[in-house]
Amino acid sequence: MMKKVVFKLALLSGIVFLCSCSSVMSHTGGKEGVYPGTRASSNMLSSNTNWGTKSLVLLDLPFTAIVDTVLLPWDMFRTDSSVKSRVEKSEKDSQATNDVIPPAQMPQ
């Protein structure tokens, strides 16, 4: 009885960890909006990649869509604190300052 429970638990854990790779990878990065893993998988299918990669992406796509749907509330309300977003925010803030107060002209 215990062996069956352990086997089922190991099988379920393996399926969860091996499936939805695109969703997991997209959610570990910065904020990508809603359904980032599904969009990444569909971009992979439409790109010029080999048939082996496309077949794995096609196999993973339904699981990625399910995980993206489960994580939809998280995607709607999370804030982005990645390095990329902080740099973009800083550049946007400095550009707004430069629009109001233009940089001084260099003497020629």
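Note that the structure is a prediction, hence the values are computed from the model and not measured. (Residues numbered from 1 in each chain as written. Predicted model: local features only at pLDDT ≥ 70, side-chain atom pairs only at ≥ 80, totals over all residues. Heavy atoms only, no water.)

## Considering the overall build of the chain
When helices and strands are tallied, the chain shows six helices and zero strands. Traced from its N-terminal end to its C-terminal end, the chain shows the element sequence α-α-α-α-α-α. For the chain, with 108 residues in total, the buried portion stands at 17%. At a minimum sequence separation of 6, the contacts of the chain that also span at least 24 residues come to 66%. (Helix = DSSP H or I, 4+ residues; strand = E, 2+ residues; numbered from the N terminus. Buried < 20%, exposed > 50% of the residue type's maximum accessible area, 1.4 Å probe, protein only. Contact = heavy atoms within 4.5 Å.)

## With respect to helix H3 (residues 36-46)
Among the residues making up H3, those that are buried are Pro36, Gly37 and Ser41. Viewed end-on, H3 has its buried residues packed into an arc of 135°, placing them on one side of the element. Seen from the open side of H3, the exposed residues pointing more than 90 degrees away from its buried face are Asn43 and Ser46. In this structure, the buried residues of H3 make contact with helix H2 (21-28), helix H4 (51-70) and helix H5 (72-77). (Arc of directions from axis to C-beta.)

## A word on the side chain of Asp68
Looking at where Asp68 falls in the secondary structure, it is placed in helix H4. For the buried residue Asp68, which engages in no salt bridge, the nearest side chain bearing the opposite charge is Arg39, 7.4 Å off. Here the side chain of Asp68 touches Gly37 through a polar contact of 3.2 Å, landing on its backbone nitrogen. (Lys, Arg positive; Asp, Glu negative; His and termini not counted. Salt bridge = Lys/Arg side-chain N within 4 Å of Asp/Glu carboxyl O. Polar contact = N/O pair within 3.5 Å; in protein donor to acceptor, adjacent residues only side chain to side chain.)

## Focus: the environment of Leu56
Structurally, Leu56 can be placed in helix H4. Looking at Leu56, the relative accessible area reads 59%, which means it is exposed.

## Some words on the packing of H2 against H3
At a minimum axis distance of 7 Å, the contact between H2 and H3 shows a crossing angle of 120°. One element, H2, and the other, H3, form an angle in the oblique class. Two packed elements cross with a definite hand, and for H2 against H3 that hand is right-handed. Residue-level contacts link Ser22, Ser23, Ser26 and His27 of H2 to Pro36, Gly37, Ala40 and Ser41 of H3. Classifying every residue of the contact of H2 with H3 by side-chain character gives two nonpolar, six polar and no charged. (Axes fitted to C-alpha atoms, helices over the stretch in contact; angles between N-to-C directions. Parallel < 35°, antiparallel > 145°, perpendicular 65-115°, else oblique. Left-handed = near helix turned anticlockwise from the far one by under 90°. Nonpolar A, V, L, I, M, F, W, Y, C, P; charged D, E, K, R; others polar.)

Honestly, it's all geometry; don't read function into it.
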